[in-house]
Amino acid sequence: MNYQNSLAFALEQDALDPLKNFRSRFLIPQHHGVDAVYLCGNSLGLQPASAGKYLADQLSNWQNLAVEGWFQGDDPWLNYHKQLLPSIASIVGAQESEVTVMNSLTVNLHLLMVSFYKPNHKRFKIIMEGGAFPSDQYAMESQTKFHGFDPKEAIVEIFPREGELTLRTEDIIQTINEHADELALVMFAGINYYTGQLFDMEAIAAAAHKAGAYAGFDLAHAAGNVPLKLHDWGADFACWCSYKYMNSGPGGISGIFVHEKHFNNPELDRFAGWWGYREDKRFLMAPGFDAAKGAGGWQVSTSPVLLLALFKASMAIFDDTGGMGILREKSVALTGYMEFLIKELNKRLGEDVFKIITPADPQKRGCQLSVVCKRDAKAIFQYLADNGVIGDWREPDVIRLSPVPLYNSFQDVYQAVQQMAAAIQQ
Ligand SMILES: *Cc1c(COP(=O)(O)O)cnc(C)c1O
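Looking at an unreviewed UniProt entry, one finds the protein named Kynureninase and attributed to Mucilaginibacter lappiensis. The UniProt entry for the protein carries the following text under Function (unreviewed entry): "Catalyzes the cleavage of L-kynurenine (L-Kyn) and L-3-hydroxykynurenine (L-3OHKyn) into anthranilic acid (AA) and 3-hydroxyanthranilic acid (3-OHAA), respectively." The Subunit (unreviewed entry) field of the UniProt record for the protein holds the comment "Homodimer."

Written out as structure tokens, the structure is:
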């Protein structure tokens, strides 16, 4: 696209945007009576305008049907989560039987590790990206300790080469090959939360399998952001939260993927609970766990229906977009526009005051740009916040800005970079 550094260009792109009507389906935070420029969907997606109604419907069922709500009404709670599965499967590229919704993300990561990290003295290592989200680091560390290993030996982190900011796929594959004999699991993010780098999950999964290890992915920053093909890539398992790009609200429900190739594998342990019991016999309450077939067999506890209701409000919006392909097209254009404007600003300033550390190749990133601020980083971030541009801050000097195709506009992006320019003037 031939971008232009003008408000007129931004407004023109907004007028041409096939997704432009989706913005009105979200509640945009207000700043001095006008829409804030919200570029923080990587941390907490905006509230669907319909969320209140979805929630109120279930509160009303609870009021009117009470316990019968599990089996009666338009939307019996017993099967409520199943209505979400087609949308989720389409977002992560899975079959419906390969996904379910349950718990929260780090909890699910631990539960999946119970099945997919069963180290022995020959194979005990986990390879992950250096600088992974802290919760994932703590989860891996505590899992290796739980199995009696020293995390320093069992966890291999891959860092960028000297002088580089992000990982090369060839280096990831080489590290996997180097540790192949001792490798139990390759556990990677889909997109790194700090740099915004999108990893080649297909290549990583293939290398892990060739080494005789499992491949798992944390898709917190990828699900609902970039198209995924978990089934075709052969990922063994994955999990994600839905409160970032999937707009399910603070602490919203998480999701998991288990590849169907594992459905009949009796070797896989799991921590069981009654919600994962085969449905036709769950209420016989018999002794002896008999798992439901599919990802649903990993469920542990009763569905949190109120969280599911909020998630459903957002999934209904995703369904109406026509899919991740259409969202991705706008996303690439929108993030490309922000990159263009930031580069223009650096040119005008005569130095790279705002250094983008996210890969420049759209195939290697989602919507987020991570920007290192070379001058008065904290003050610039504060100026942006005071002027209604909401990004987020990561120590020591990184501002993450994520234009989300569902509700952000080219005008938002234009205004954000205008404010970055104004911040430098101050
Ligand atoms: C956001 C995020 C989390 C948060 O996990 P919770 O259990 O939902 O608190 C974990 N891992 C990654 C990679 C994340 O981006």
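This part takes up the domain arrangement of the protein. Domain annotation of the protein identifies domain 1 (7–35 + 323–425) and domain 2 (55–319). Inter-centroid distance (C-alpha atoms) of domain 1 to domain 2 is 29 Å. Counting residues at the interface gives 27 residues for domain 1 and 20 residues for domain 2. Here domain 1 and domain 2 share an interface that buries about 2000 Å² over both sides, 62% of which is from carbon and sulfur atoms. Joining domain 1 to domain 2, the criterion identifies zero salt bridges.

Here we take up the sheet that holds strand 6 (residues 99–101). Backbone hydrogen bonds hold the strands of a sheet together, and the pairing may be parallel or antiparallel. With respect to topology, seven strands assemble into an open sheet ordered 6-12-11-10-9-7-8, the strand pairing being mixed. Of all strands in the sheet, those bounded by a partner on one side alone are strand 6 and strand 8 (155–158). On average, each strand axis in the sheet is tilted by 15° relative to the strand beside it, whichever way the strands run. Inspection of the sheet shows strand 10 (residues 214–218) paired to strand 11 (residues 237–241) by three bridges, in the parallel sense. Paired with D218 across the two strands is C239, which belongs to strand 11. This element, helix 5 (residues 134–146), spans strand 7 (125–129), strand 8, strand 9 (183–189) and strand 10 of the sheet and lies at about 175° to strand 7.

Residues V398 and R400 of strand 17 (residues 398–401) are buried on one face, and the alternating residues I399 and L401, pointing to the opposite face, are buried as well. Here four bridges tie strand 14 (residues 369–373) to strand 17, and the two strands are oriented antiparallel to one another. Bridge pairing in strand 17 places S370 opposite R400. As paired strands, strand 16 (residues 392–394) and strand 17 are joined by three bridges and run antiparallel to one another. Looking at the pairing, R394 lines up with V398 of strand 17. The antiparallel pairing of strand 16 with strand 17 creates a hairpin that spans three residues between the two strands.

To continue, consider the environment of Q95. In this fold, Q95 is placed in the loop between helix 3 (85–92) and strand 6. Judged by its relative accessible area of 32%, Q95 falls in the partly exposed class. Side-chain polar atoms of Q95 contact the side chain of H231, separated by 3.5 Å.

Near the ligand the following residues occur: L105, T106, F133, D136, D218, A220, H221, Y243 and K244. At a separation of 3.1 Å, an oxygen atom of the ligand approaches a polar side-chain atom of H221. In this structure, an oxygen atom belonging to the ligand sits 2.6 Å away from a side-chain N or O atom of Y243. When the free accessible area of the ligand is taken as 390 Å², the share hidden by the protein chains comes to 84%. Considering only residue class, the shell around the ligand consists of four nonpolar, two polar and three charged.

What follows covers the pattern of salt bridges. For the structure shown, the criterion picks out 23 salt bridges. With its nearest N and O atoms 3.3 Å apart, the salt bridge here joins K312 to D75. Separated by 237 residues along the polypeptide, K312 in helix 10 (residues 305–321) and D75 in the loop between helix 2 (51–65) and helix 3 bring together distant segments of the chain. Judged by its relative accessible area of 16%, K312 falls in the buried class. As a salt-bridge pair, E141 and K145 come within 3.8 Å of each other at their nearest N and O atoms.

Once that is clear, we can look at the layout of surface pockets. Approximately 400 Å³ is the volume attributed to the largest pocket. If you trace the largest pocket, you find 18 residues lining it, with L198, F199, D200, Q363 and K364 closest to the centre. In terms of residue class, the lining of the largest pocket is made up of nine nonpolar, four polar and five charged. Each of domain 1 (7–35 + 323–425) and domain 2 (55–319) gives at least three residues to the lining of the largest pocket.

Looking now at the packing of helix 7 (residues 169–178) against helix 8 (residues 201–210). As a packed pair, helix 7 and helix 8 sit with axes 9 Å apart at the nearest point and diverge in direction by 15°. With respect to each other, helix 7 and helix 8 are oriented roughly parallel. The hand of the helix 7/helix 8 crossing is right-handed. On helix 8, the residues touching T169, I172, I173 and I176 of helix 7 are A203, I204, A207 and A208. Among the residues forming the contact of helix 7 with helix 8, the class breakdown is seven nonpolar, one polar and no charged.

Criteria and thresholds
Residues numbered from 1 in each chain as written. Predicted model: local features only at pLDDT ≥ 70, side-chain atom pairs only at ≥ 80, totals over all residues. Heavy atoms only, no water. UniProt positions renumbered as here; feature names shortened; annotations may be inferred. Domains from an automatic or database assignment. Contact = heavy atoms within 4.5 Å. Buried area = accessible area lost by both parts, 1.4 Å probe. Salt bridge = Lys/Arg side-chain N within 4 Å of Asp/Glu carboxyl O. Pairing = 2+ DSSP bridges. Helix = DSSP H or I, 4+ residues; strand = E, 2+ residues; numbered from the N terminus. Axes fitted to C-alpha atoms, helices over the stretch in contact; angles between N-to-C directions. Buried < 20%, exposed > 50% of the residue type's maximum accessible area, 1.4 Å probe, protein only. Polar contact = N/O pair within 3.5 Å; in protein donor to acceptor, adjacent residues only side chain to side chain. Near = heavy atom within 4 Å. Areas by Shrake-Rupley, 256 points an atom, 1.4 Å probe, with all protein chains shown as cover. Nonpolar A, V, L, I, M, F, W, Y, C, P; charged D, E, K, R; others polar. 1 Å grid on protein atoms, 1.4 Å probe; cavity = no way out; pocket = protein on both sides within 12 Å on 5 of 7 lines; lining within 4 Å. Points joined across faces, edges and corners; volume = space filled by probe spheres on them. Parallel < 35°, antiparallel > 145°, perpendicular 65-115°, else oblique. Left-handed = near helix turned anticlockwise from the far one by under 90°.

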